[in-house]
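Below, each chain spelled out in residue letters.
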Amino acid sequence: MIVEKAPISIVTPNDSKLYDGAPLIATEGAELSGLVNDETATLIVAGSRTDAGVSDNAYRIDWSGSAKESNYFIDEETIGALEILPREVTLASGSATKIYDGTALELPDVTVGGDGFVGTEASVRATGSITDIGGPIDNTIVVEPGEGFIAANYNVVYTVGKLTVTSASIDR
């Protein structure tokens, strides 16, 4: 008498979220089906993703219940995907014009919009500076990475302001 192995099916769920620095773990909807005679085994969903991108929602089976691994084969496997979407960040430095007075024109503040950066992963400042008559020059934006910063977790759009110093009018 030959005993055939029984087929089982595995399903792990899909999930996605905006990057927030915390792992994405999706277990709701995971299913192990096809065990016979009320035998038991446990499906453990082990997939996890923290940074932007896509990965499989992996699993393993704990056979410490009444079912024996040697009596089953995986007939159908539907593996979900875990997707972390990058944050959309807009950065804008200021623009200004002033009449020459011998001091530098600087606007170091940067407006951060969109989804913004997570926590202290990045700080930003504008570095443009002009003292003498001239311009416009770019009020360049600098992103200074902090702890945990990974560029791929962000889609950054820059709007760079302009700085200009004009001549003073001379009254005659």
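Described below are features of the structure shown in this document. Per chain, residue numbering runs from 1 following the sequence as it is written. Only residues with pLDDT of at least 70 are given local features in this predicted model, and only at 80 or more are side-chain atom pairs given and counted; all residues enter the totals for whole chains, interfaces and linings. Excluded from the side-chain calculations are hydrogens and water; all other atoms, namely the structure's heavy atoms, are used.

### Considerations on the overall build of the protein chain
Within the protein chain one finds 0 helices and 16 strands. Remark: exposure states derive from per-residue accessible area (1.4 Å probe, protein chains only) relative to the maximum for the residue type, with buried under 20%, exposed over 50%, and partly exposed in between. By residue count, 28% of the 172 residues in the protein chain fall in the buried class. Here the contacts in the protein chain between residues at least 6 apart in sequence split such that 66% fall between residues at least 24 apart. Under this rule, positive means Lys or Arg and negative means Asp or Glu; His and the chain ends count for nothing. In plain terms, the charge of a residue is placed at NZ if it is Lys, CZ if Arg, CG if Asp and CD if Glu. Side chains of the protein chain carry 10 positive and 26 negative charges; the gap between the two charge centres is 8 Å. Here a helix means four or more residues in a row that DSSP labels H or I, a strand means two or more in a row labelled E, and each is numbered from the N terminus. Contacts are assigned to residue pairs with any non-hydrogen atoms lying within 4.5 Å of each other.

### What to know about the sheet that holds strand β2 (residues 15–18)
The criterion for strand pairing is that DSSP finds at least two bridges linking the strands in question. Strand order across the open sheet formed by 3 strands is β2-β8-β5, with mixed pairing between neighbours. Sheet topology places β2 and β5 (53–56) at the edges, where each strand pairs with a single neighbour. Across the sheet, the mean angle separating the axes of adjacent strands is 15 degrees when strand polarity is ignored. Where β2 meets strand β8 (residues 81–85), 4 bridges bridge the pair, whose relative direction is parallel. Paired with Ser16 across the bridge in β8 is Glu83. Convention adopted: a line fitted to C-alpha atoms gives each axis, helices being fitted over their contacting stretch, and angles between N-to-C directions are expressed from 0 to 180 degrees.

### Overview of the pattern of salt bridges
Between Lys or Arg on one side and Asp or Glu on the other, a salt bridge is scored when a side-chain nitrogen of the former is within 4 Å of a carboxyl oxygen of the latter. One pass over the full model with this rule turns up 4 salt bridges. Lys98 is the partner of Asp101 in a salt bridge, and the nearest nitrogen-oxygen pair spans 2.8 Å. Given the relative accessible area of 16%, Lys98 is considered buried. One salt bridge connects Glu144 with Arg125, and the closest N-O pair in it is separated by 2.6 Å.

### So, the sheet that holds strand β1 (residues 6–11)
Sheet architecture is open: 3 strands sit in the order β3-β1-β7, paired in mixed fashion. The two strands at the open ends of the sheet, each matched to only one other strand, are β3 (31–33) and β7 (72–78). On average, each strand axis in the sheet is tilted by 20 degrees relative to the strand beside it, whichever way the strands run. With 3 bridges joining them, β1 and β3 adopt antiparallel strand pairing. For Val11, the partnering residue across the bridge sits in β3 and is Glu31.

### A short note on the packing of aromatic side chains
Ring geometry is summarised as follows: Phe, Tyr and Trp rings, the Trp one being its six-membered ring, pair when their centres sit within 6.5 Å, and such pairs are stacked at plane angles under 30 degrees, edge-to-face over 60 and tilted between the two. Using the criterion set out here, one finds 5 aromatic pairs in the structure. Pairing Tyr19 with Tyr154 gives two aromatic rings, centres 5.8 Å apart and planes at 75 degrees, and the pair type is edge-to-face. Here Tyr154 lies in strand β15 (residues 154–159) and Tyr19 lies in the loop between β2 and β3, a separation of 135 residues in the sequence. Across the pair, Tyr154 and Tyr19 agree in class, each one buried.

### Structural notes on the nonpolar core
In this text, buried Ala, Val, Leu, Ile, Met, Phe, Trp, Tyr and Cys residues form a nonpolar core when linked through side-chain atoms within 4.5 Å. Counting residues in each nonpolar core, the largest one holds 14 residues, and the members touching the most others are Tyr19, Val89, Leu91, Val110, Phe117 and Tyr154. Broken down by secondary-structure element, the contributors of at least two residues to this core are β8, β9 (87–93) and β12 (122–126). Those residues in contact with Leu91 that sit more than four places away from it in its chain are Val110, Thr111, Val112, Phe117, Val124, Ile141, Val143, Val156, Val157, Tyr158 and Thr159. Among the nonpolar cores identified, the runner-up in size contains 10 residues, and Ile61, Trp63, Ala67 and Tyr72 belong to it.

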